[in-house]
Amino acid sequence: MPYQQRLVTLAGYAVLLITALIFVFLVQQSWPFVREHGSLVFFTGDRWLPVSLPPVFQIGGFLVSSGIITGVAIIIGVPFGVLAAISLAELLPPGVSVIFRSIFEVTAGIPSVVFGFLGLKIVAPAVAGLFNLPTGLTGFSAGLVLSIMILPTLVSLSEEALRAVPREYAEASYALGANRWQTIWRVIVPSARGGIGAAVFLAMGRAIGETMTVLMIAGGRLAMPTSIFDPMRPITALIASEVNNAARNSIQYHALFTAGLILFMITFAVNAIAASVIVGKKAR
Amino acid sequence: MVAVQGKDTKIMLRDVSIYYSALHVIKGVSMNFLDKEITAIIGPSGSGKSTLLRSLNRMNDHIAGMRVEGEANILGSNVYAPSVDVVALRRRVGMVFQKPNPFPKSIYDNVAYGPRLQGQKSKVELDGIVERSLTQAALWHEVKDRLHASGLALSGGQQQRLCIARALAVDPEVLLMDEPASALDPAATAKIEDLMLKLKEHLAVVVVTHNMQQAARVSDFTAFLLGGELVEFDITRKIFTAPTDKRTDDYISGRMG
(Lines give C-alpha, C1' and ligand atoms only; values in the text may rest on other atoms or scores of the structure.)
Protein backbone atom coordinates (compact mmCIF):
# COMPACT_ATOMS: atom_id res chain seq x y z
CA MET A 1 0.00 0.00 0.00
CA PRO A 2 1.51 3.40 -0.91
CA TYR A 3 2.13 5.65 2.09
CA GLN A 4 -0.52 8.23 1.07
CA GLN A 5 -3.17 5.54 1.12
CA ARG A 6 -1.92 4.25 4.45
CA LEU A 7 -2.06 7.76 5.88
CA VAL A 8 -5.67 8.26 4.77
CA THR A 9 -6.68 4.86 6.14
CA LEU A 10 -4.97 5.73 9.41
CA ALA A 11 -6.85 9.04 9.64
CA GLY A 12 -10.12 7.16 9.10
CA TYR A 13 -9.35 4.73 11.93
CA ALA A 14 -8.28 7.65 14.14
CA VAL A 15 -11.74 9.21 13.80
CA LEU A 16 -13.38 5.91 14.75
CA LEU A 17 -11.00 5.54 17.68
CA ILE A 18 -11.69 9.05 18.97
CA THR A 19 -15.45 8.47 18.82
CA ALA A 20 -15.04 5.18 20.66
CA LEU A 21 -12.84 6.87 23.28
CA ILE A 22 -15.46 9.58 23.87
CA PHE A 23 -18.01 6.86 24.47
CA VAL A 24 -15.68 4.97 26.81
CA PHE A 25 -14.91 8.17 28.71
CA LEU A 26 -18.63 8.99 29.13
CA VAL A 27 -19.37 5.47 30.35
CA GLN A 28 -16.45 5.59 32.77
CA GLN A 29 -17.53 8.98 34.19
CA SER A 30 -21.14 7.85 34.45
CA TRP A 31 -20.40 4.58 36.15
CA PRO A 32 -20.15 5.85 39.77
CA PHE A 33 -23.62 7.37 39.40
CA VAL A 34 -25.21 4.41 37.61
CA ARG A 35 -23.84 2.01 40.26
CA GLU A 36 -25.47 3.95 43.11
CA HIS A 37 -28.61 5.47 41.59
CA GLY A 38 -29.20 3.56 38.37
CA SER A 39 -32.90 2.69 38.02
CA LEU A 40 -35.76 3.14 35.64
CA VAL A 41 -37.12 6.09 37.65
CA PHE A 42 -34.07 8.04 36.48
CA PHE A 43 -35.69 8.17 33.04
CA THR A 44 -39.32 8.60 34.01
CA GLY A 45 -39.39 10.90 37.05
CA ASP A 46 -39.06 14.67 37.01
CA ARG A 47 -37.50 15.45 40.39
CA TRP A 48 -33.99 16.85 40.09
CA LEU A 49 -32.62 17.78 43.53
CA PRO A 50 -28.89 17.24 43.09
CA VAL A 51 -27.68 18.80 46.34
CA SER A 52 -30.45 17.88 48.77
CA LEU A 53 -30.01 15.14 51.34
CA PRO A 54 -30.48 12.58 50.01
CA PRO A 55 -30.14 13.87 46.42
CA VAL A 56 -32.75 12.90 43.81
CA PHE A 57 -31.88 12.51 40.15
CA GLN A 58 -34.64 12.03 37.59
CA ILE A 59 -34.28 13.32 34.04
CA GLY A 60 -37.73 12.51 32.62
CA GLY A 61 -38.70 16.19 32.46
CA PHE A 62 -35.52 17.10 30.61
CA LEU A 63 -35.95 14.27 28.14
CA VAL A 64 -39.55 15.29 27.44
CA SER A 65 -38.42 18.91 27.02
CA SER A 66 -35.75 17.90 24.53
CA GLY A 67 -38.39 15.90 22.67
CA ILE A 68 -40.89 18.77 22.57
CA ILE A 69 -38.36 21.36 21.38
CA THR A 70 -36.95 19.04 18.72
CA GLY A 71 -40.46 18.07 17.63
CA VAL A 72 -41.52 21.71 17.22
CA ALA A 73 -38.34 22.48 15.26
CA ILE A 74 -38.89 19.51 12.93
CA ILE A 75 -42.63 20.03 12.41
CA ILE A 76 -42.13 23.70 11.51
CA GLY A 77 -38.73 23.43 9.82
CA VAL A 78 -39.25 20.40 7.56
CA PRO A 79 -42.06 21.75 5.35
CA PHE A 80 -40.18 25.03 4.82
CA GLY A 81 -36.87 23.27 4.26
CA VAL A 82 -38.24 20.77 1.77
CA LEU A 83 -40.20 23.41 -0.16
CA ALA A 84 -37.11 25.63 -0.28
CA ALA A 85 -35.06 22.68 -1.56
CA ILE A 86 -37.66 22.00 -4.26
CA SER A 87 -37.54 25.56 -5.48
CA LEU A 88 -33.73 25.58 -5.47
CA ALA A 89 -33.46 22.28 -7.31
CA GLU A 90 -36.38 22.52 -9.71
CA LEU A 91 -38.00 25.91 -9.99
CA LEU A 92 -35.63 28.85 -9.68
CA PRO A 93 -33.30 29.81 -12.50
CA PRO A 94 -29.72 28.68 -11.74
CA GLY A 95 -28.48 32.24 -11.14
CA VAL A 96 -31.10 32.90 -8.48
CA SER A 97 -30.54 29.46 -6.92
CA VAL A 98 -26.86 30.29 -6.37
CA ILE A 99 -27.76 33.45 -4.46
CA PHE A 100 -30.31 31.71 -2.24
CA ARG A 101 -27.95 28.84 -1.62
CA SER A 102 -25.20 31.20 -0.41
CA ILE A 103 -27.70 32.87 1.93
CA PHE A 104 -28.51 29.47 3.46
CA GLU A 105 -24.81 28.73 3.81
CA VAL A 106 -24.27 32.02 5.64
CA THR A 107 -27.16 31.10 7.96
CA ALA A 108 -25.31 27.90 8.79
CA GLY A 109 -22.33 29.96 9.94
CA ILE A 110 -24.20 32.23 12.38
CA PRO A 111 -23.12 31.36 15.96
CA SER A 112 -25.95 29.87 17.97
CA VAL A 113 -25.56 32.52 20.68
CA VAL A 114 -26.61 35.09 18.07
CA PHE A 115 -29.72 33.05 17.34
CA GLY A 116 -30.24 33.06 21.10
CA PHE A 117 -30.21 36.86 21.14
CA LEU A 118 -32.65 37.05 18.22
CA GLY A 119 -34.88 34.61 20.08
CA LEU A 120 -34.77 36.65 23.29
CA LYS A 121 -35.42 39.98 21.57
CA ILE A 122 -37.86 39.01 18.82
CA VAL A 123 -39.28 35.50 19.00
CA ALA A 124 -39.96 35.26 22.74
CA PRO A 125 -41.88 38.57 23.01
CA ALA A 126 -43.80 37.72 19.83
CA VAL A 127 -44.77 34.28 21.15
CA ALA A 128 -45.81 35.75 24.51
CA GLY A 129 -47.98 38.35 22.79
CA LEU A 130 -49.45 36.02 20.20
CA PHE A 131 -50.47 33.26 22.60
CA ASN A 132 -51.09 35.53 25.59
CA LEU A 133 -48.50 33.85 27.82
CA PRO A 134 -46.93 35.15 31.05
CA THR A 135 -43.50 34.59 29.51
CA GLY A 136 -42.27 34.07 25.96
CA LEU A 137 -39.37 31.93 27.16
CA THR A 138 -40.98 28.61 26.33
CA GLY A 139 -40.17 25.32 24.63
CA PHE A 140 -42.21 26.45 21.65
CA SER A 141 -40.10 29.61 21.23
CA ALA A 142 -36.90 27.57 21.41
CA GLY A 143 -38.28 25.11 18.84
CA LEU A 144 -39.25 27.98 16.56
CA VAL A 145 -35.72 29.42 16.61
CA LEU A 146 -34.24 25.93 16.15
CA SER A 147 -36.47 25.41 13.12
CA ILE A 148 -34.55 28.24 11.45
CA MET A 149 -31.21 26.91 12.61
CA ILE A 150 -31.79 23.47 11.08
CA LEU A 151 -32.82 24.93 7.69
CA PRO A 152 -29.32 24.92 6.15
CA THR A 153 -28.92 21.20 6.89
CA LEU A 154 -32.42 20.40 5.65
CA VAL A 155 -32.24 22.50 2.52
CA SER A 156 -28.80 21.56 1.28
CA LEU A 157 -29.21 17.81 1.86
CA SER A 158 -32.76 17.71 0.45
CA GLU A 159 -31.66 19.70 -2.58
CA GLU A 160 -28.82 17.28 -3.13
CA ALA A 161 -31.27 14.37 -2.94
CA LEU A 162 -33.63 16.03 -5.43
CA ARG A 163 -30.80 16.77 -7.85
CA ALA A 164 -29.66 13.15 -7.65
CA VAL A 165 -32.97 11.91 -9.09
CA PRO A 166 -32.14 10.63 -12.58
CA ARG A 167 -33.15 13.01 -15.34
CA GLU A 168 -34.70 9.99 -17.10
CA TYR A 169 -37.54 9.86 -14.55
CA ALA A 170 -38.56 13.41 -15.32
CA GLU A 171 -38.32 12.74 -19.06
CA ALA A 172 -40.57 9.69 -18.79
CA SER A 173 -43.08 11.74 -16.84
CA TYR A 174 -43.10 14.61 -19.34
CA ALA A 175 -43.41 12.13 -22.21
CA LEU A 176 -46.59 10.79 -20.58
CA GLY A 177 -48.14 14.24 -20.65
CA ALA A 178 -47.32 15.39 -17.13
CA ASN A 179 -46.70 19.07 -16.48
CA ARG A 180 -43.90 20.40 -14.31
CA TRP A 181 -45.84 20.34 -11.02
CA GLN A 182 -47.11 16.83 -11.59
CA THR A 183 -43.59 15.68 -12.42
CA ILE A 184 -42.16 17.30 -9.28
CA TRP A 185 -44.84 15.99 -6.90
CA ARG A 186 -45.48 12.58 -8.35
CA VAL A 187 -42.03 11.53 -9.52
CA ILE A 188 -39.12 13.68 -8.35
CA VAL A 189 -40.04 14.21 -4.69
CA PRO A 190 -41.09 10.55 -4.11
CA SER A 191 -37.87 9.37 -5.78
CA ALA A 192 -35.84 11.58 -3.43
CA ARG A 193 -37.71 10.63 -0.29
CA GLY A 194 -34.85 8.47 1.05
CA GLY A 195 -32.42 11.37 0.87
CA ILE A 196 -34.97 13.81 2.25
CA GLY A 197 -35.63 11.40 5.12
CA ALA A 198 -31.91 11.29 5.88
CA ALA A 199 -31.84 15.10 5.84
CA VAL A 200 -34.69 15.18 8.37
CA PHE A 201 -32.87 12.80 10.73
CA LEU A 202 -29.60 14.73 10.49
CA ALA A 203 -31.49 17.96 11.20
CA MET A 204 -33.12 16.23 14.17
CA GLY A 205 -29.69 15.26 15.46
CA ARG A 206 -28.60 18.87 15.22
CA ALA A 207 -31.74 20.09 17.01
CA ILE A 208 -31.39 17.61 19.88
CA GLY A 209 -27.76 18.57 20.44
CA GLU A 210 -28.22 22.35 20.23
CA THR A 211 -27.33 23.92 23.58
CA MET A 212 -26.77 27.66 23.68
CA THR A 213 -30.00 28.73 22.00
CA VAL A 214 -32.22 26.52 24.16
CA LEU A 215 -30.33 27.57 27.28
CA MET A 216 -31.20 31.19 26.47
CA ILE A 217 -34.78 30.82 25.21
CA ALA A 218 -36.45 27.66 26.52
CA GLY A 219 -37.14 29.16 29.97
CA GLY A 220 -35.15 26.78 32.17
CA ARG A 221 -37.93 25.36 34.34
CA LEU A 222 -37.02 22.02 35.90
CA ALA A 223 -40.49 20.47 36.18
CA MET A 224 -42.06 18.09 33.68
CA PRO A 225 -43.67 20.31 30.99
CA THR A 226 -47.42 19.99 30.60
CA SER A 227 -47.68 22.03 27.40
CA ILE A 228 -45.39 23.13 24.58
CA PHE A 229 -45.93 26.70 25.84
CA ASP A 230 -44.32 25.94 29.23
CA PRO A 231 -40.85 27.14 30.12
CA MET A 232 -38.68 24.04 30.07
CA ARG A 233 -35.13 22.79 30.25
CA PRO A 234 -33.87 20.29 27.72
CA ILE A 235 -31.09 17.91 28.59
CA THR A 236 -28.35 19.94 26.88
CA ALA A 237 -29.31 23.03 28.87
CA LEU A 238 -29.35 20.99 32.08
CA ILE A 239 -25.76 19.91 31.59
CA ALA A 240 -24.52 23.32 30.47
CA SER A 241 -26.16 25.16 33.35
CA GLU A 242 -24.99 22.84 36.15
CA VAL A 243 -21.67 21.40 35.16
CA ASN A 244 -19.67 24.43 36.34
CA ASN A 245 -21.29 24.43 39.75
CA ALA A 246 -21.13 20.72 40.40
CA ALA A 247 -18.30 19.68 42.69
CA ARG A 248 -15.81 17.64 40.76
CA ASN A 249 -16.36 13.90 41.21
CA SER A 250 -19.48 14.51 43.28
CA ILE A 251 -22.51 12.36 42.59
CA GLN A 252 -24.13 15.37 40.82
CA TYR A 253 -21.09 15.60 38.56
CA HIS A 254 -21.41 11.95 37.60
CA ALA A 255 -25.17 12.29 37.15
CA LEU A 256 -24.58 15.06 34.59
CA PHE A 257 -22.17 12.77 32.77
CA THR A 258 -24.87 10.10 32.72
CA ALA A 259 -27.26 12.64 31.17
CA GLY A 260 -24.55 13.39 28.62
CA LEU A 261 -24.12 9.70 27.87
CA ILE A 262 -27.85 9.38 27.23
CA LEU A 263 -27.78 12.43 24.96
CA PHE A 264 -24.82 10.92 23.12
CA MET A 265 -26.68 7.65 22.59
CA ILE A 266 -29.82 9.40 21.34
CA THR A 267 -27.98 11.57 18.80
CA PHE A 268 -25.84 8.59 17.80
CA ALA A 269 -29.01 6.57 17.13
CA VAL A 270 -30.64 9.40 15.16
CA ASN A 271 -27.54 9.91 13.02
CA ALA A 272 -27.18 6.16 12.55
CA ILE A 273 -30.74 6.05 11.20
CA ALA A 274 -29.86 8.88 8.79
CA ALA A 275 -26.72 7.05 7.67
CA SER A 276 -28.54 3.76 7.17
CA VAL A 277 -31.19 5.52 5.08
CA ILE A 278 -28.42 6.95 2.87
CA VAL A 279 -26.54 3.64 2.61
CA GLY A 280 -29.76 1.71 1.97
CA LYS A 281 -30.61 4.08 -0.85
CA LYS A 282 -27.20 3.65 -2.48
CA ALA A 283 -27.32 -0.14 -2.17
CA ARG A 284 -30.50 -0.24 -4.20
CA MET B 1 -36.82 9.48 -53.48
CA VAL B 2 -40.36 8.20 -53.33
CA ALA B 3 -42.79 10.27 -51.35
CA VAL B 4 -44.14 7.66 -48.99
CA GLN B 5 -47.85 8.11 -48.83
CA GLY B 6 -50.93 6.04 -48.39
CA LYS B 7 -53.35 4.65 -45.88
CA ASP B 8 -53.39 7.00 -42.98
CA THR B 9 -50.58 9.52 -42.62
CA LYS B 10 -50.04 10.20 -38.92
CA ILE B 11 -47.08 12.52 -39.21
CA MET B 12 -46.10 14.71 -42.12
CA LEU B 13 -42.85 16.67 -42.02
CA ARG B 14 -42.32 19.36 -44.64
CA ASP B 15 -38.90 20.98 -44.88
CA VAL B 16 -38.31 20.74 -41.13
CA SER B 17 -35.12 22.30 -39.81
CA ILE B 18 -34.04 22.25 -36.18
CA TYR B 19 -31.43 24.54 -34.66
CA TYR B 20 -29.72 24.42 -31.28
CA SER B 21 -28.70 28.07 -31.09
CA ALA B 22 -26.33 28.42 -34.07
CA LEU B 23 -26.09 24.67 -34.63
CA HIS B 24 -28.15 23.45 -37.59
CA VAL B 25 -28.99 19.92 -36.42
CA ILE B 26 -31.79 18.88 -38.80
CA LYS B 27 -31.65 20.23 -42.33
CA GLY B 28 -34.87 20.50 -44.27
CA VAL B 29 -36.31 17.04 -43.65
CA SER B 30 -39.55 16.09 -45.46
CA MET B 31 -41.11 12.70 -44.81
CA ASN B 32 -44.31 10.94 -43.78
CA PHE B 33 -44.97 8.42 -41.05
CA LEU B 34 -47.86 6.06 -41.69
CA ASP B 35 -50.34 4.43 -39.36
CA LYS B 36 -49.91 0.71 -38.66
CA GLU B 37 -46.40 0.74 -40.09
CA ILE B 38 -42.97 0.77 -38.48
CA THR B 39 -40.68 3.49 -39.73
CA ALA B 40 -37.02 3.16 -38.81
CA ILE B 41 -34.61 6.10 -38.66
CA ILE B 42 -31.00 4.99 -39.10
CA GLY B 43 -27.72 6.86 -39.38
CA PRO B 44 -24.36 7.28 -37.64
CA SER B 45 -23.97 8.90 -34.22
CA GLY B 46 -24.56 12.62 -34.35
CA SER B 47 -26.65 12.44 -37.51
CA GLY B 48 -29.64 13.94 -35.70
CA LYS B 49 -31.80 10.78 -35.37
CA SER B 50 -32.76 11.35 -31.76
CA THR B 51 -33.27 15.07 -32.28
CA LEU B 52 -35.67 14.34 -35.12
CA LEU B 53 -37.54 11.71 -33.08
CA ARG B 54 -37.81 13.93 -30.02
CA SER B 55 -39.11 16.82 -32.07
CA LEU B 56 -42.19 14.69 -32.86
CA ASN B 57 -43.55 14.97 -29.30
CA ARG B 58 -41.70 18.18 -28.46
CA MET B 59 -39.33 16.58 -25.98
CA ASN B 60 -36.65 19.01 -27.18
CA ASP B 61 -38.56 22.01 -25.90
CA HIS B 62 -36.52 22.44 -22.74
CA ILE B 63 -33.21 22.73 -24.61
CA ALA B 64 -32.11 26.36 -24.54
CA GLY B 65 -31.82 27.92 -27.98
CA MET B 66 -33.89 25.20 -29.70
CA ARG B 67 -35.73 26.48 -32.76
CA VAL B 68 -37.83 24.67 -35.37
CA GLU B 69 -38.58 25.80 -38.91
CA GLY B 70 -40.86 24.21 -41.47
CA GLU B 71 -44.09 22.34 -40.89
CA ALA B 72 -44.44 19.36 -38.59
CA ASN B 73 -48.00 18.21 -39.03
CA ILE B 74 -48.75 15.56 -36.44
CA LEU B 75 -52.19 14.01 -36.06
CA GLY B 76 -53.70 16.84 -38.04
CA SER B 77 -52.15 19.92 -36.49
CA ASN B 78 -48.90 21.80 -36.80
CA VAL B 79 -47.27 20.87 -33.48
CA TYR B 80 -45.01 23.90 -33.38
CA ALA B 81 -47.92 26.32 -33.69
CA PRO B 82 -48.18 28.46 -30.54
CA SER B 83 -51.69 27.23 -29.80
CA VAL B 84 -50.70 23.56 -29.53
CA ASP B 85 -51.31 21.88 -26.16
CA VAL B 86 -48.02 20.06 -25.59
CA VAL B 87 -49.46 17.94 -22.79
CA ALA B 88 -52.28 16.71 -25.04
CA LEU B 89 -49.82 16.06 -27.87
CA ARG B 90 -47.64 13.87 -25.65
CA ARG B 91 -50.63 11.80 -24.61
CA ARG B 92 -51.26 10.98 -28.27
CA VAL B 93 -47.60 10.54 -29.19
CA GLY B 94 -46.01 8.18 -26.65
CA MET B 95 -42.32 7.59 -26.15
CA VAL B 96 -39.97 4.81 -25.06
CA PHE B 97 -36.40 5.71 -24.21
CA GLN B 98 -33.02 4.14 -24.86
CA LYS B 99 -32.32 3.20 -21.26
CA PRO B 100 -35.28 1.53 -19.52
CA ASN B 101 -36.50 4.17 -17.08
CA PRO B 102 -39.33 2.82 -14.93
CA PHE B 103 -40.17 5.05 -11.98
CA PRO B 104 -39.05 3.77 -8.58
CA LYS B 105 -42.68 2.80 -7.96
CA SER B 106 -44.58 -0.48 -8.16
CA ILE B 107 -45.27 -2.12 -11.51
CA TYR B 108 -48.93 -1.18 -11.10
CA ASP B 109 -48.20 2.45 -10.27
CA ASN B 110 -45.82 2.74 -13.22
CA VAL B 111 -48.51 1.69 -15.69
CA ALA B 112 -51.25 3.67 -13.92
CA TYR B 113 -49.14 6.86 -13.93
CA GLY B 114 -50.42 8.25 -17.23
CA PRO B 115 -54.13 7.49 -16.68
CA ARG B 116 -53.91 8.96 -13.15
CA LEU B 117 -52.44 12.17 -14.57
CA GLN B 118 -55.56 12.41 -16.67
CA GLY B 119 -57.67 12.14 -13.53
CA GLN B 120 -58.59 8.46 -13.68
CA LYS B 121 -59.25 7.44 -10.08
CA SER B 122 -61.55 4.44 -10.37
CA LYS B 123 -59.73 1.33 -9.17
CA VAL B 124 -61.78 -0.90 -11.45
CA GLU B 125 -60.88 1.20 -14.50
CA LEU B 126 -57.21 1.39 -13.51
CA ASP B 127 -57.06 -2.37 -12.89
CA GLY B 128 -58.42 -2.90 -16.39
CA ILE B 129 -56.00 -0.45 -18.00
CA VAL B 130 -53.03 -1.99 -16.16
CA GLU B 131 -53.93 -5.51 -17.24
CA ARG B 132 -54.64 -4.51 -20.83
CA SER B 133 -51.42 -2.45 -21.17
CA LEU B 134 -49.21 -5.11 -19.61
CA THR B 135 -50.82 -7.72 -21.86
CA GLN B 136 -50.19 -5.59 -24.94
CA ALA B 137 -46.58 -5.20 -23.82
CA ALA B 138 -46.28 -9.01 -23.45
CA LEU B 139 -45.44 -8.66 -19.76
CA TRP B 140 -48.72 -9.56 -18.01
CA HIS B 141 -47.99 -13.26 -17.49
CA GLU B 142 -44.56 -12.55 -16.02
CA VAL B 143 -45.73 -9.97 -13.49
CA LYS B 144 -49.43 -10.56 -12.77
CA ASP B 145 -48.67 -12.07 -9.36
CA ARG B 146 -46.42 -9.24 -8.23
CA LEU B 147 -48.00 -6.06 -9.55
CA HIS B 148 -47.10 -4.28 -6.33
CA ALA B 149 -43.40 -5.15 -6.49
CA SER B 150 -41.04 -2.38 -7.55
CA GLY B 151 -40.59 -1.84 -11.28
CA LEU B 152 -36.86 -1.60 -10.60
CA ALA B 153 -36.82 -5.24 -9.42
CA LEU B 154 -37.46 -6.46 -12.99
CA SER B 155 -34.75 -7.48 -15.48
CA GLY B 156 -33.62 -4.94 -18.08
CA GLY B 157 -35.78 -6.43 -20.82
CA GLN B 158 -38.81 -6.60 -18.54
CA GLN B 159 -38.21 -3.00 -17.44
CA GLN B 160 -38.25 -1.88 -21.06
CA ARG B 161 -41.52 -3.75 -21.68
CA LEU B 162 -42.88 -2.12 -18.53
CA CYS B 163 -41.97 1.26 -20.03
CA ILE B 164 -43.78 0.27 -23.22
CA ALA B 165 -46.84 -0.76 -21.18
CA ARG B 166 -46.66 2.59 -19.36
CA ALA B 167 -46.66 4.42 -22.69
CA LEU B 168 -49.54 2.28 -24.04
CA ALA B 169 -51.70 2.93 -20.98
CA VAL B 170 -52.72 6.36 -22.29
CA ASP B 171 -53.74 4.93 -25.68
CA PRO B 172 -51.31 6.79 -27.93
CA GLU B 173 -51.75 6.86 -31.70
CA VAL B 174 -48.03 7.02 -32.37
CA LEU B 175 -45.23 5.34 -30.39
CA LEU B 176 -41.73 6.82 -30.63
CA MET B 177 -38.92 4.46 -29.67
CA ASP B 178 -35.41 5.84 -29.17
CA GLU B 179 -33.03 2.86 -29.59
CA PRO B 180 -35.34 0.80 -27.37
CA ALA B 181 -33.17 -2.34 -27.37
CA SER B 182 -29.65 -0.93 -27.38
CA ALA B 183 -29.21 -1.55 -23.65
CA LEU B 184 -30.58 -5.12 -23.82
CA ASP B 185 -29.17 -8.58 -24.50
CA PRO B 186 -30.10 -10.45 -27.72
CA ALA B 187 -32.94 -12.48 -26.14
CA ALA B 188 -34.55 -9.39 -24.63
CA THR B 189 -34.01 -7.55 -27.93
CA ALA B 190 -35.85 -10.28 -29.83
CA LYS B 191 -38.81 -9.93 -27.46
CA ILE B 192 -38.93 -6.16 -27.99
CA GLU B 193 -38.82 -6.67 -31.77
CA ASP B 194 -41.66 -9.23 -31.67
CA LEU B 195 -43.59 -6.78 -29.58
CA MET B 196 -43.04 -3.95 -32.07
CA LEU B 197 -44.52 -6.11 -34.82
CA LYS B 198 -47.61 -6.71 -32.68
CA LEU B 199 -47.90 -3.05 -31.71
CA LYS B 200 -47.97 -1.86 -35.29
CA GLU B 201 -51.32 -3.59 -35.72
CA HIS B 202 -52.79 -0.76 -33.65
CA LEU B 203 -50.57 2.28 -34.05
CA ALA B 204 -47.79 4.00 -35.92
CA VAL B 205 -44.32 3.09 -34.65
CA VAL B 206 -41.24 5.23 -35.22
CA VAL B 207 -37.97 3.66 -34.13
CA VAL B 208 -34.49 5.15 -34.03
CA THR B 209 -31.85 2.45 -34.16
CA HIS B 210 -28.11 1.98 -34.50
CA ASN B 211 -28.69 -1.64 -35.33
CA MET B 212 -29.21 -2.04 -39.06
CA GLN B 213 -30.24 -5.69 -38.79
CA GLN B 214 -32.96 -4.52 -36.45
CA ALA B 215 -34.18 -1.91 -38.93
CA ALA B 216 -34.15 -4.54 -41.68
CA ARG B 217 -35.99 -7.10 -39.52
CA VAL B 218 -38.82 -5.02 -38.15
CA SER B 219 -39.41 -1.87 -40.17
CA ASP B 220 -41.59 -1.28 -43.18
CA PHE B 221 -39.95 2.00 -44.13
CA THR B 222 -36.44 3.23 -43.45
CA ALA B 223 -35.04 6.74 -43.40
CA PHE B 224 -31.28 7.24 -43.59
CA LEU B 225 -30.09 10.40 -41.90
CA LEU B 226 -26.58 11.79 -42.32
CA GLY B 227 -25.36 15.06 -40.85
CA GLY B 228 -28.93 16.19 -40.24
CA GLU B 229 -29.92 15.59 -43.85
CA LEU B 230 -32.42 12.98 -44.99
CA VAL B 231 -30.31 11.13 -47.55
CA GLU B 232 -32.83 8.47 -48.50
CA PHE B 233 -36.28 7.38 -47.40
CA ASP B 234 -37.97 4.36 -48.89
CA ILE B 235 -39.45 0.93 -48.36
CA THR B 236 -37.07 -0.93 -46.07
CA ARG B 237 -36.38 -3.76 -48.50
CA LYS B 238 -35.37 -1.27 -51.17
CA ILE B 239 -33.03 0.63 -48.81
CA PHE B 240 -31.24 -2.54 -47.82
CA THR B 241 -31.09 -4.23 -51.24
CA ALA B 242 -30.98 -1.46 -53.83
CA PRO B 243 -30.25 1.92 -52.28
CA THR B 244 -30.31 4.82 -54.70
CA ASP B 245 -27.73 6.99 -52.97
CA LYS B 246 -24.08 5.96 -52.78
CA ARG B 247 -23.87 7.22 -49.15
CA THR B 248 -26.73 4.92 -48.10
CA ASP B 249 -24.97 2.00 -49.77
CA ASP B 250 -21.73 2.88 -47.93
CA TYR B 251 -23.50 3.08 -44.59
CA ILE B 252 -25.53 -0.10 -44.77
CA SER B 253 -22.58 -2.08 -46.07
CA GLY B 254 -20.47 -0.88 -43.17
CA ARG B 255 -18.08 1.38 -45.06
CA MET B 256 -19.17 4.37 -43.00
CA GLY B 257 -20.21 5.14 -39.42
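The paragraphs below set out a description of the structure included in this document. (Residues numbered from 1 in each chain as written. Chains lettered and ligands numbered in written order. Predicted model: local features only at pLDDT ≥ 70, side-chain atom pairs only at ≥ 80, totals over all residues. Heavy atoms only, no water.)

1. Structural notes on the side chain of Thr267(A)
Residues and elements named next belong to chain A.
- Inspection of the secondary structure puts Thr-267 in helix H13 (residues 251-283).
- Taking the relative accessible area as the measure of exposure, Thr-267 reaches 16% and is therefore buried.
- With residues up to four places along the chain from it excluded, the contact list for Thr-267 reads Gly-205, Ile-208 and Gly-209. (Helix = DSSP H or I, 4+ residues; strand = E, 2+ residues; numbered from the N terminus. Buried < 20%, exposed > 50% of the residue type's maximum accessible area, 1.4 Å probe, protein only. Contact = heavy atoms within 4.5 Å.)

2. What to know about the nonpolar core
- Core analysis: the biggest nonpolar cluster contains 89 residues, and Leu162(A), Leu13(B) and Met31(B) have the highest contact counts within it.
- The element that contributes the greatest number of residues to this core is helix H3 (residues 60-91) of chain A, accounting for twelve residues.
- Setting aside its immediate chain neighbours within four residues, Met31(B) contacts Ile11(B), Met12(B), Leu13(B), Arg14(B), Thr39(B), Leu52(B), Ala223(B), Leu230(B) and Phe233(B).
- Core analysis: the next-biggest nonpolar cluster, separate from the first, contains 43 residues, Leu162(B), Leu168(B), Val205(B) and Ile252(B) among them. (Core = buried A, V, L, I, M, F, W, Y, C linked by side-chain atoms within 4.5 Å.)

3. Describing a nonpolar patch on the surface
All names here are of chain A.
- Taken together, Val-106, Ile-110, Val-113, Val-114, Phe-117, Leu-118, Leu-120, Ile-122, Met-212 and Leu-215 make up a surface patch of nonpolar side chains, about 800 Å² in accessible area.
- Put simply, the parts of the chain that give the nonpolar patch at least two residues each are helix H5 (112-131) and helix H11 (212-217).
- If one sorts the elements of the nonpolar patch by residue count, H5 sits on top with six residues.
- By secondary structure assignment, the location of Ile-122 is in helix H5. (Patch = residues over 30% accessible without salt bridge, like charges linked within 9 Å, V, L, I, M, F, W, Y side chains within 5 Å. Areas by Shrake-Rupley, 256 points an atom, 1.4 Å probe, with all protein chains shown as cover. Salt bridge = Lys/Arg side-chain N within 4 Å of Asp/Glu carboxyl O.)

4. Describing the sheet that holds strand E6 (residues 93-96) of chain B
Residue and element names in this part refer to chain B.
- Spatially, six strands are ordered E6-E7-E8-E3-E9-E10 in an open sheet, and the strand pairing comes out mixed. The two strands at the open ends of the sheet, each matched to only one other strand, are E6 and strand E10 (229-235). Strand after strand, the sheet turns through a mean of 15° between neighbouring axes, direction not considered.
- Direction of pairing for strand E9 (residues 221-226) relative to E10: antiparallel, over a ladder of six bridges. Across the sheet, the residue bridging to Leu-226 is Glu-229, located in E10. (Pairing = 2+ DSSP bridges. Axes fitted to C-alpha atoms, helices over the stretch in contact; angles between N-to-C directions.)

5. Quick look at the side chain of Glu242(A)
All names here are of chain A.
- Position of Glu-242 among the secondary structure elements: in helix H12 (residues 235-242).
- For the buried residue Glu-242, which engages in no salt bridge, the nearest side chain bearing the opposite charge is Arg-233, 4.2 Å off.
- Among the polar contacts made by the side chain of Glu-242, one reaches the side chain of Gln-252 at a distance of 2.9 Å.
- Apart from the residues within four sequence positions on either side, Glu-242 is in contact with Trp-48, Pro-50, Arg-233, Gln-252 and Leu-256. (Lys, Arg positive; Asp, Glu negative; His and termini not counted. Polar contact = N/O pair within 3.5 Å; in protein donor to acceptor, adjacent residues only side chain to side chain.)

6. Description of the environment of Phe221(B)
Residues and elements named next belong to chain B.
- Position of Phe-221 relative to the elements: it lies in strand E9.
- Judged by its relative accessible area of 11%, Phe-221 is buried.
- On a C-alpha basis, the gap between Phe-221 and Asn-32 in space is 10.0 Å, while along the polypeptide they are 189 residues apart.

7. A short note on unusual backbone geometry
- Of the consecutive residues Leu53(A) and Pro54(A), the connecting peptide bond is found in the cis state with omega at -5°.
- Relative to the elements of secondary structure, Pro54(A) occurs in the loop between strand E1 (48-49) and strand E2 (56-57).

8. Examining the interface of chain A and chain B
- Listed per partner, the contact involves 18 residues of chain A and 22 residues of chain B.
- When chain A packs against chain B, the two sides together hide about 1,800 Å² of surface, and 60% of this comes from carbon and sulfur.
- The interface formed by chain A and chain B includes two salt bridges.
- For the salt bridge of Glu168(A) with Lys99(B), the shortest nitrogen-to-oxygen distance reads 3.9 Å.
- Counting every contact that joins chain A to chain B gives four residue pairs in polar contact (both at pLDDT 80 or more).
- Elements supplying a minimum of two residues to the side of chain A that touches chain B: helix H8 (167-175) and helix H9 (180-191) of chain A.
- Taken together, the residues of the side of chain A that touches chain B sort by class into eight nonpolar, five polar and five charged. (Buried area = accessible area lost by both parts, 1.4 Å probe. Nonpolar A, V, L, I, M, F, W, Y, C, P; charged D, E, K, R; others polar.)

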